[in-house]
Amino acid sequence: MDTYVGHRLKLLRKRCNFSQTDLGNKLGISFQQVQKYETGSNRISASRLFELAQFLNVTPGYFFDGIHTENNREKQQTSDETFVAALSQVEGESTKEGVLKFNPGFSSEDSKTREE
C-alpha cells in the first residue's frame, strides 16, 4: 500500500511540474524524504498525506484511487497461475474439459497456451 500511495504521489507531483526539491521545500522536508515517500520506503502519515493533498489540490482519497483494482488484478493473476498449474496435472482431455466448464474464464485453448 505504501508503494502504491508513493507512486500516486510521484505521478501527481510530475503532473503538477514540481521537482522533488520543490515539493520538499514547500513542505519543509528534504527532497530525499519526498523520494522515500515516492518509493514507499517511508510511510506517509495521515497528517502529511492531508498536507500533500491540500498543497497538490486533490482530496486525500486521490492517493488510494484504484488500489482495490490493482490488488484484485494481482490476486487474479496468482489465482490464474494456480489454476493452470493444477490443470496441467489433470490427466485426460475429457476430464480437463469437464474442469474447464466450471471455470468460464478459461477454455481448453487458453490452458494449452498458458501451459507453454
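Per-chain numbering applies: the sequence of each chain, read as written, is numbered from 1 onward. This being a predicted model, a pLDDT of at least 70 is required before a residue's local features are given, and a value of 80 or more before pairs of side-chain atoms are given or counted; all residues contribute to the totals for chains, interfaces and linings. In computing side-chain properties, one takes all heavy atoms of the structure into account and sets aside hydrogens as well as water.

1. Remarks on the confidence of the model for the protein chain
Phase 1 of the analysis: Confidence of the predictor at the level of single residues is captured by pLDDT, which takes values from 0 to 100. Mean pLDDT for the protein chain: 78, with 63% of residues reaching 70 or above.
Phase 2 of the analysis: Highest mean pLDDT in the protein chain belongs to helix 3 (residues 31-39) (95); lowest belongs to helix 7 (residues 108-115) (46).
Phase 3 of the analysis: Should any heavy atoms of two residues lie within 4.5 Å, those residues are counted as being in contact. Within the model, the stretch residues 110-116 combines pLDDT values under 50 with 11 contacts to residues more than four positions away or in other chains. Numbering of helices and strands runs from the N terminus; a helix is a DSSP stretch of H or I covering at least four residues, while a strand is a stretch of E covering at least two.

2. Some remarks on helix 3
Phase 1 of the analysis: Per-residue accessibility, obtained with a 1.4 Å probe over protein chains only, is compared with the maximum for each type, and a residue is labelled buried under 20%, exposed over 50%, and partly exposed between these values. Considered for burial, the residues of helix 3 that qualify are V34, Y37 and E38. The buried residues of helix 3 occupy an angular sector of 95 degrees when the element is viewed end-on, so they sit on one face.
Phase 2 of the analysis: Residues of helix 3 that are buried sit in contact with helix 1 (2-15), helix 2 (20-27) and helix 4 (46-56). Arc definition: directions from the helix axis to the C-beta atoms.

3. Overview of the nonpolar core
Phase 1 of the analysis: Counting residues in hydrophobic clusters, the biggest one holds 15 residues, and the most contacted among them are L9, L23, I44, L52 and F63.
Phase 2 of the analysis: For this core, the secondary structure elements donating two or more residues are helix 1, helix 2, helix 3 and helix 4.
Phase 3 of the analysis: The greatest single-element share of this core, amounting to four residues, is contributed by helix 4.
Phase 4 of the analysis: With near-sequence residues (within four places) excluded, I44 lies in contact with V5, L9, Y37, L49 and L52. Residues belong to one nonpolar core when they are buried, are Ala, Val, Leu, Ile, Met, Phe, Trp, Tyr or Cys, and are joined through side-chain atoms within 4.5 Å.

4. So, the packing of aromatic side chains
For any two aromatic rings, the description comes down to two numbers: the centre-to-centre distance and the angle of the planes.
Phase 1 of the analysis: Aromatic rings from Phe, Tyr and Trp, taking only the six-membered ring of Trp, are treated as a pair when their centres fall within 6.5 Å; an angle between ring planes under 30 degrees marks them as stacked, one over 60 as edge-to-face, and anything in between as tilted. All told, the structure shown has two aromatic pairs when counted by the stated rule.
Phase 2 of the analysis: With 5.3 Å between their ring centres and 80 degrees between their planes, Y62 and F63 make a pair best called edge-to-face. Exposure class is identical for Y62 and F63. Each is buried.
Phase 3 of the analysis: Above the face of the Y62 ring, R8 is positioned so that its terminal group lies 4.0 Å from the ring centre. To sit over a ring, a charge needs its Lys NZ or Arg CZ within 6 Å of the ring centre and within 35 degrees of the ring normal.

5. Focus on the side chain of Q20
Phase 1 of the analysis: Relative to the assigned elements, Q20 resides in helix 2.
Phase 2 of the analysis: What makes Q20 buried here is its relative accessible area of 18%.
Phase 3 of the analysis: Within polar-contact distance, the side chain of Q20 engages the side chain of E38 at 2.8 Å.
Phase 4 of the analysis: Discounting chain neighbours no more than four positions away, the residues touching Q20 are R13, F31, V34, Q35 and E38. N or O atoms within 3.5 Å of each other form a polar contact, as long as, within protein, one can give a hydrogen and the other can take it, and as long as residues adjacent in sequence are counted only when both atoms are side-chain atoms.

6. Considering the pattern of salt bridges
Phase 1 of the analysis: By definition, a salt bridge exists where a carboxyl oxygen of Asp or Glu is found within 4 Å of a side-chain nitrogen of Lys or Arg. For the structure on display, the rule yields four salt bridges.
Phase 2 of the analysis: Taking the shortest distance from any N to any O, the salt bridge between D2 and R43 comes out at 3.0 Å. Linking D2 in helix 1 with R43 in the loop between helix 3 and helix 4, this pair joins segments that are 41 residues apart in sequence.
Phase 3 of the analysis: Note on D2: relative accessible area 25%, which makes it partly exposed.
Phase 4 of the analysis: Here R43 falls in the exposed class, since its relative accessible area comes to 64%.
Phase 5 of the analysis: Note that R8 and D65 form a salt bridge whose closest N and O atoms lie 3.9 Å from each other. Separated by 57 residues along the polypeptide, R8 in helix 1 and D65 in the loop between helix 4 and helix 5 (67-88) bring together distant segments of the chain.
Phase 6 of the analysis: What makes D65 partly exposed here is its relative accessible area of 42%.

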